[in-house]
Number of protein chains: 2
Amino acid sequence: MRQNAIVGQSGGPTSAINATLVGVIAGAREARHIDRIYGARNGIEGMLEGRFLDLGNLNDEALLLLKQTPAAALGSCRKKLPPPDDPAGKAIFEKLFAFFEAKNIGYFFYIGGNDSMDTVAKLTAYAKAHRIEGISFVGIPKTIDNDLEGTSHTPGFGSAAKYIATSVQEILRDTAVYTVKAVTIVEIMGRDAGWLTAATALPRLLSGVSPDLVYLPEAVFDIERFFGDLEKAFFRHSNLVVAVSEGIRYADGRYVGEGTQSGAADAFGHRYLQGTAKALEAAVKERFGCKVRSVELNLPQRCAAHLLSATDIAESFGVGRAAAELSPVASGCMIGYERKDDPYSVSYRPVEVSEIANKIRLVPREFINEEGNHVTDACLEYLKPLIAGEYPVLYRDGLPRHFVFSLD
Amino acid sequence: MRQNAIVGQSGGPTSAINATLVGVIAGAREARHIDRIYGARNGIEGMLEGRFLDLGNLNDEALLLLKQTPAAALGSCRKKLPPPDDPAGKAIFEKLFAFFEAKNIGYFFYIGGNDSMDTVAKLTAYAKAHRIEGISFVGIPKTIDNDLEGTSHTPGFGSAAKYIATSVQEILRDTAVYTVKAVTIVEIMGRDAGWLTAATALPRLLSGVSPDLVYLPEAVFDIERFFGDLEKAFFRHSNLVVAVSEGIRYADGRYVGEGTQSGAADAFGHRYLQGTAKALEAAVKERFGCKVRSVELNLPQRCAAHLLSATDIAESFGVGRAAAELSPVASGCMIGYERKDDPYSVSYRPVEVSEIANKIRLVPREFINEEGNHVTDACLEYLKPLIAGEYPVLYRDGLPRHFVFSLD
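All values derive from a computational prediction rather than experimental measurement.

Undergrad: Give a detailed account of the interface of chain A and chain B, specifying residues and quantitative values.
TA: Taken residue by residue, the interface counts 49 residues in chain A and 50 residues in chain B. If you list the elements that add at least two residues to the side of chain A that touches chain B, you get α6 (157–175), α8 (202–207), β9 (291–296), α11 (300–303), β12 (395–396) and β13 (399–400) of chain A. Considering each element in turn, the side of chain A that touches chain B owes the most residues, nine residues, to α6(A). Considered class by class, the residues forming the side of chain A that touches chain B number 24 nonpolar, 15 polar and 10 charged.

In structure tokens:
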């Protein structure tokens, strides 16, 4: 007996999250076990409020445009479910499961990051505890941060890394035109893991240029050692470019960028960081008295869908389709990538979500040089295939075309 | 009798300045009046220090890669020549003209913005005052700011506008995914003229979306009126996006972003502005208490050569070639664009540089709406053809290929 499926998107935007949505839709249409495929507005928020739409009637052009549209087209949320055994949260679970029953949902797909896998884990645990059967909860990874366990890399990371490597290569050209002594500090997203910051060094492998110094959150940051690194680099040339992760910290655990915002935290308790490069700009200006500039690549890192890794988009679509295909046997699982090299390829496999949720995959020690101020060639070899190929984005009148669901 | 030519690049980087350089090289090769074509390192700095190279032996592949490389490949400078009649500056002019004579330079091309046209004007005036003949000084425009007189638009502007419109369209998608009340303030380059900020509204013409509010330096900025504009916009939807030029000012002439940097000024007396969006972020947070985020698009606006307007690159190349062709009859001139519409086309014509230098072409009143918080359709119709077409950038191993001159 065929059942319906519902898919939601959650967490921060990426440029590839809709490629995964299109993969789920394609997979659901192919799957013999799935009847209708619904899309929830704003993740579980929409499921709780009955806001959803039927994705069954999107035509090929709509799907093609959706695939190249950045940021969750269904809308996102940052809602955290209560612990499944917390009596105070019972009403929320009951409301969700009543919705699933009313719509004959047999397959629940949640495209998101770490926090979304937490949602999948809790729904699975609640169903198990209450002996609710006949509904399969499947997580599909999505994060530009590449910091999820259970997958060799994450959908959306390759496109973000390609945009960042390209932009930094361009900034390297930009800063090289003058002869005056100057330091440009580029701040890259990544609160805990330095994968995206590591990608700034990719031009080294490909064209021989790269930032002079690269600091990841995985290595303790020391301001005096940083000044020493700059002094050494000034012997080589006068225009230095430094890439820093927003999440770099001092030995005592303090963030370098701490204190520049009001200490606000999101619903998951993550503190907002802003101004790591700004803080360093002031410090370098004081110490060296030269021209210093800070550049935050900011939001475009996660939504610059005009520059997509063809590899990333193919895999992001593939993992969505695989999730639909594997859904009868993958409840409580996230579908992860399994990477092979020589030649590079990726396959999709289910991993228990309880083993993944709330864990962080950091850049390993062997990917960072001994001085802790750059990445190794092994790191670049890991990154290189993930940015390969340019996805052929469709334009109209000079701008990339996006697909937007009409308001419900 | 054929003479040699020298070309220099000056001022801030653009993504199209090397397309113009390639145009000059192509034009010089074709021109019967030009023998060798030299490239000065770092503009007139290199001419004063004898740092230059022969551009005659670049092969077709090198020229193709040079064309898609952002930021002055020959290096740039911000050197300002002294007034030609100032005895204190005589030595500099004598040194330059001695260099021209030694190298048998008959044609001097300077690719740059307003300040570079000032250099062309001074060299022309000095030669005239000292009855030096046989050398033609030709300016070629270049600025992302589109604020030069004597040309319907500027080489480099179209690509910057395309990048900015595309990035803002992506940010509009990014900010739309959540349901919480929020304001995103995007700061765009443009100290005096709001052309680039106006380009943020281009998605309105093409896909119906655009920032809710757009503030150019040409309209006086009033913080209370701004708060009122936001209040009205919140009636329509909860996620607002505001585009502001870095150069917006209050009625008393103070920059909104003033005071956030140390009041430093460059060699031309321009004051550095930074933090217009940051300043507004704090003000909006205090007034509305909602989530507020500021985004500076920063350096990529002038060097994101992975996203080039095919129209801009064709014209930027064309104006360089036209300069070489017209050089015998265009001394003391800048080669400007003359635009025709229905259908859109551009031709190249010399304009007296003395009429252009140190003037600024602002966005006209009819391009700004009555409330001073958005641009009109007439403005978008002016901008639209300038971002048309995607230049086919060549990649290798996932990154755009750049051409770099080896160190001299």
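Undergrad: Would you mind going over the sheet that holds strand β9 (residues 291–296) of chain B in detail, with residue names and values included?
TA: Residue and element names in this part refer to chain B. One open sheet accounts for four strands, arranged β7-β8-β6-β9; its pairing is parallel. Among the strands making up the open sheet, the edge pair consists of β7 (213–215) and β9. Neighbour to neighbour, the strand axes of the sheet diverge by 15 degrees on average, direction disregarded. Looking at chain direction, strand β6 (residues 182–188) and strand β8 (residues 239–245) are connected through seven bridges and run parallel. Paired with Glu-187 across the bridge in β8 is Val-244. Its contacts with the sheet place helix α9 (residues 223–236) against β6, β7 and β8, and it is angled at close to 145 degrees to β8. Strand contacts of helix α10 (residues 276–288): β6, β8 and β9, with the helix running at about 175 degrees to β9, the strand carrying the most contacts.

Undergrad: How would you summarise the nonpolar core if you had to cite specific residues and measurements?
TA: With 254 residues, the main nonpolar core has A:Phe109, A:Val186, A:Ala198, B:Phe109, B:Val186 and B:Ala198 as its most contacted residues. Residues in contact with A:Val186, not counting those within four places in the same chain, are A:Val168, A:Ile171, A:Thr200, A:Val241, A:Val242, A:Ala243, A:Ala277, A:Val295 and A:Leu297.

Undergrad: Describe the relation of the copies chain A and chain B, and please don't skip the residues or the numbers.
TA: Mapping chain A onto chain B leaves a residual RMSD of 0.0 Å; the transformation is a rotation of 180 degrees accompanied by 0.0 Å of translation along its axis. Seen this way, the second copy is the image of the first under a two-fold rotation axis. Interface overlap between copies is the fraction of interface residues in one copy that are interface residues in the other; for chain A against chain B it reaches 100%, indicating a shared surface.

Undergrad: Break down the confidence of the model for chain A for me, with residues and values.
TA: Residues and elements named next belong to chain A. Here chain A averages 94 in pLDDT, and 96% of its residues register 70 or above. Residue range residues 260–266 is modelled with pLDDT below 50. Its contacts to residues more than four positions away, or to other chains, number 11 contacts. Two numbers describe this predicted complex: its pTM, 0.96, and its ipTM, 0.95.

Parameters and conventions
Residues numbered from 1 in each chain as written. Chains lettered and ligands numbered in written order. Predicted model: local features only at pLDDT ≥ 70, side-chain atom pairs only at ≥ 80, totals over all residues. Contact = placed C-beta atoms within 7 Å. Helix = DSSP H or I, 4+ residues; strand = E, 2+ residues; numbered from the N terminus. Nonpolar A, V, L, I, M, F, W, Y, C, P; charged D, E, K, R; others polar. Pairing = 2+ DSSP bridges. Axes fitted to C-alpha atoms, helices over the stretch in contact; angles between N-to-C directions. Core = buried A, V, L, I, M, F, W, Y, C linked by C-beta atoms within 7 Å. Buried ≥ 20, exposed ≤ 12 C-beta atoms within 10 Å, placed from the backbone. Least-squares fit on C-alpha atoms with pLDDT ≥ 70 in both. pLDDT = per-residue confidence, 0-100.

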